[in-house]
Amino acid sequence: MAEKDELDLHQTRAAKIIFQGWDKNGDGLIDANEIPSELVALFASMDTDNSFSIDCDEFIAYLETFKAEEGSEALDEILTGLKHSMSSLTDGQRAMARNVFDRIDRDGNNKIDPDEIPEELLECMPKFDRDQDFHWDLEEFEAYLRDYKFDQGDQAVELMLNRLKRQFQKQHFELSAAQRDAATSLFEALSTGSLGVLDPSSQVAKACFVSAQETSIFTRLGEEARPVNRQQFLDWLQAQKEQHGSQAIWEMLASWQTRLAEQGADAPEPQAVGYFESLATAIPDIPVLGSVCSCNRAREQAWCLVS
C-alpha cells in the first residue's frame, strides 16, 4: 500500500473546494468527463474502487500519496494551479487590480517592492513571487487575487481591492523625481518664447502633441486651446499618471522625445531624458523604452549621483 501524508487543514479545504467545482451535477462523484483534461491520465490511479468515478475521499487519498512522495510544497503548487484554473478575475476586477497595483507601486517601476506592499499581503509575497526576484509584477499580484477569490469569493476580493484603493490615496500618483526631471527637460526643449510656455500653435507642439489625449493639455472643459506653463504641464502629467498609470507616462515622454528629434529640435539635457540611454549601457539590466527607461529605485539613486 502506498505511503500517505495527511493533508493539513488548508490543503484539505482547498481539495474539497476543487472537487466541488469539478462536480458539475452535484452528485458527489466525478467522472472522466468532469475532470480537467490534463488530469484524465491520472483518473485510473485515483479511481481505487474501479467504479469509473471518483469520490472526494479517493481524490484526497490520491493527494495524500502525492504529498508523501513529492512533499508538501509540491502539493501546494499543484493545488494553487488547480485553484487558479477555476478562479479567474472578471474584467472589472482586473481593472480594479490594475488601479490598485499602480497606487501601491509608488516609484512607478511596474513592480510592487517589499517596502511598498501592504503589511497584510507581505506574508503572501514569497508564495506568489514566481520568478523569486523579491517583487510582485502585475501578473503575480493577479495570481494572489485569484487565489484569494477562490478561498473567499467574489465579494471578498472586491472588498479587499476597495479597501486597498482607499488606503493608497492619490498622493501615490505623484510624479517620481525621475519623471519630473525628464518631463521638465522635455518642457524646456518644447517651450517657446521668453515666457517659457508651451504654445499649441507652435510648429513643434503641433508635431509632438497629436492625439486627442495629448492635445487635451491645452484645453480645459472644452475651452479654446491656450499655452501652458511648466507647472501646468507637470500637473497635467500627474493627472494622466493617476488615470493611466506610471508606464503610460514613460511611453508618452519617449514618444515626445522621438517626435522632437524628428523635427530637428534640440534634444533635452543629457542628465534627464537622454541620460537613460547611457545609464542603460552602464547597467545592462535596465530595459530601455525608446529613449526613456521605466525607472526603479536603483536608477533613481544612480540619477542622484550623476546629476
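Residues numbered from 1 in each chain as written. Predicted model: local features only at pLDDT ≥ 70, side-chain atom pairs only at ≥ 80, totals over all residues. Heavy atoms only, no water.

Quick notes on the pattern of salt bridges
When the charged atoms of two side chains with opposite charge come close together, those side chains can pair.
Then, in step 1: Tallying each qualifying case throughout the model produces 6 salt bridges.
Then, in step 2: We note a salt bridge from Arg94 to Glu142, for which the minimum N-O separation is 2.9 Å. Of this pair, Arg94 sits in helix H5 (residues 91-104) while Glu142 sits in helix H8 (residues 138-152); the two residues are 48 residues apart in sequence, bridging distant segments of the chain.
Then, in step 3: Glu214 is the partner of Arg259 in a salt bridge, and the nearest nitrogen-oxygen pair spans 2.9 Å. Of this pair, Arg259 sits in helix H14 (residues 246-262) while Glu214 sits in helix H12 (residues 212-215); the two residues are 45 residues apart in sequence, bridging distant segments of the chain. (Salt bridge = Lys/Arg side-chain N within 4 Å of Asp/Glu carboxyl O. Helix = DSSP H or I, 4+ residues; strand = E, 2+ residues; numbered from the N terminus.)

Points about the side chain of Gln93
Then, in step 1: Structurally, Gln93 is set in helix H5.
Then, in step 2: Among the polar contacts listed, one links the side chain of Gln93 to the side chain of Glu158, at a separation of 3.0 Å.
Then, in step 3: Leaving out residues up to four positions away in the same chain, Gln93 has contacts with Ser88, Lys149, Asp154, Val157, Glu158 and Leu161. (Polar contact = N/O pair within 3.5 Å; in protein donor to acceptor, adjacent residues only side chain to side chain. Contact = heavy atoms within 4.5 Å.)

Overview of a negative patch on the surface
Then, in step 1: Where like charges cluster on the molecular surface, the negative patch consists of Glu3, Asp5, Glu6, Glu69 and Glu70.
Then, in step 2: Mapped onto the secondary structure, Glu70 falls in helix H3 (residues 56-70). (Patch = residues over 30% accessible without salt bridge, like charges linked within 9 Å, V, L, I, M, F, W, Y side chains within 5 Å. Areas by Shrake-Rupley, 256 points an atom, 1.4 Å probe, with all protein chains shown as cover. Lys, Arg positive; Asp, Glu negative; His and termini not counted. Charge placed at Lys NZ, Arg CZ, Asp CG, Glu CD.)

Remarks on the packing of H5 against H8
Then, in step 1: Here H5 crosses H8 at 125°, and the two axes come no closer than 10 Å. One way to sum up the angle between H5 and H8 is to call them oblique. Our pair here, H5 against H8, has a crossing hand that is right-handed. Of the residues in H8, those touching H5 at Gln93, Arg94, Ala97, Arg98, Val100 and Phe101 are Leu138, Phe141, Glu142, Leu145 and Lys149.
Then, in step 2: The residue inventory of the contact of H5 with H8, partitioned by class, reads 6 nonpolar, 1 polar and 4 charged. (Axes fitted to C-alpha atoms, helices over the stretch in contact; angles between N-to-C directions. Parallel < 35°, antiparallel > 145°, perpendicular 65-115°, else oblique. Left-handed = near helix turned anticlockwise from the far one by under 90°. Nonpolar A, V, L, I, M, F, W, Y, C, P; charged D, E, K, R; others polar.)

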